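Structure assessment
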Amino acid sequence: MFRILYQDDHLVAVDKPSGIFVHPTPLGRREPDCMSRLGRQLGRPVFTIHRLDRATSGVLLFALSSEAARKMCLLFEERRIRKEYLAVVRGFAPEAGRIDHPLRKHRKNPAVDAVTDFVRLGTAELPEPVGRHDTARFSLVRAVPHTGRMHQIRRHMAHISHPVLGDTRYGDGAQNRFFRARFGVRRLALVAVRLAFLHPYTREDVSVVAEPSEDLRATFAGLGWNASLAPCSHSPLASSTL
């Protein structure tokens, strides 16, 4: 059973676990997916609006009709949805920044614009050597993607040499192994913690929030981080428009 974070006559949001596909895909023909499982849970069809990587957890929104799906997809296309993520990354990330780096979906595709803002919420250093580094350094960052490219946050953080921990595709293998052994976290350390938008039917502001999983919360606490999900009032991200 999925944990329902928000539901009305038109939309439903769930807390997606790490390791499950959003919808049926040839990559996992025999594996469960969120769309099918949620449809069975609610006893009615649901319609996809956006996607999260299989390895990413957190807020995942579905529509309860094709019309609602069209309206919400238009908000995503017009970039009128605010998405916020928490990520644990390698090293001491800058205090804040904007990554404006075009990305390709596949090698043969042209690069398209991709923009992510981020704010560093905390740092930690452990006196243990990892790979070629004398100590293990980590940062907790809040990331706000303004576009929705494939693996955007993972690729953007790797682009600035601060890959997300647990990322076996774009990350640092030595750091991943240390992180897994030291904290017992066997997943990508990336969570979609907030999705905010103006409801297309009620015209009310909606903000759906998901807490990080228990293993990540324990890791945050062990590293001395208080990962509050409240918007950072001192941050330029807090004033960005939907």
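First, a word on what this report is: a plain description of the structure on this page. (Residues numbered from 1 in each chain as written. Predicted model: local features only at pLDDT ≥ 70, side-chain atom pairs only at ≥ 80, totals over all residues. Heavy atoms only, no water.)

1. Re the pairing of strand β10 (residues 205–209)
- Where burial is concerned, the two faces of β10 differ: the one with V206 and V208 is buried and the one with D205, S207 and V209 is not.
- Across 5 bridges, the pairing between strand β9 (residues 190–198) and β10 is antiparallel. Opposite L195, over in β10, you have V208 as the bridge partner.
- Between β9 and β10, which follow one another and run antiparallel, lie 6 residues, and R203 among them has a positive phi close to 65°. (Buried < 20%, exposed > 50% of the residue type's maximum accessible area, 1.4 Å probe, protein only. Helix = DSSP H or I, 4+ residues; strand = E, 2+ residues; numbered from the N terminus. Pairing = 2+ DSSP bridges.)

2. Side note on the environment of H151
- Tracing the backbone through its elements, the reader meets H151 in the loop between β8 (136–145) and α3 (152–159).
- Measuring from C-alpha to C-alpha, the distance between H151 and L42 comes to 29 Å, with 109 residues separating the pair along the chain.
- Every residue in contact with H151, bar those within four places of it in the chain, is listed here: D53, R169 and Y170. (Contact = heavy atoms within 4.5 Å.)

3. A closer look at the nonpolar core
- Grouped together as the largest cluster of nonpolar side chains are 46 residues, with contacts concentrated most on F62, V88, F138, V164, F179 and W225.
- Setting aside its immediate chain neighbours within four residues, F62 contacts H10, L11, V12, V14, V22, C34, M35, L38, V46, F47, T48 and I49.
- One finds A68, I81, L195 and F197 within the second-largest nonpolar core, a separate group that totals 17 residues. (Core = buried A, V, L, I, M, F, W, Y, C linked by side-chain atoms within 4.5 Å.)

4. Remarks on empty space enclosed by the protein
- Within this structure, the stated rule accounts for 1 cavity of 30 Å³ or more.
- When its volume is computed, the largest cavity comes out at roughly 40 Å³.
- Those elements that provide at least two residues to the lining of the largest cavity are β5 (82–90) and β9.
- When grouped by side-chain class, the residues that make up the lining of the largest cavity number 5 nonpolar, 1 polar and 3 charged. (1 Å grid on protein atoms, 1.4 Å probe; cavity = no way out; pocket = protein on both sides within 12 Å on 5 of 7 lines; lining within 4 Å. Points joined across faces, edges and corners; volume = space filled by probe spheres on them. Nonpolar A, V, L, I, M, F, W, Y, C, P; charged D, E, K, R; others polar.)

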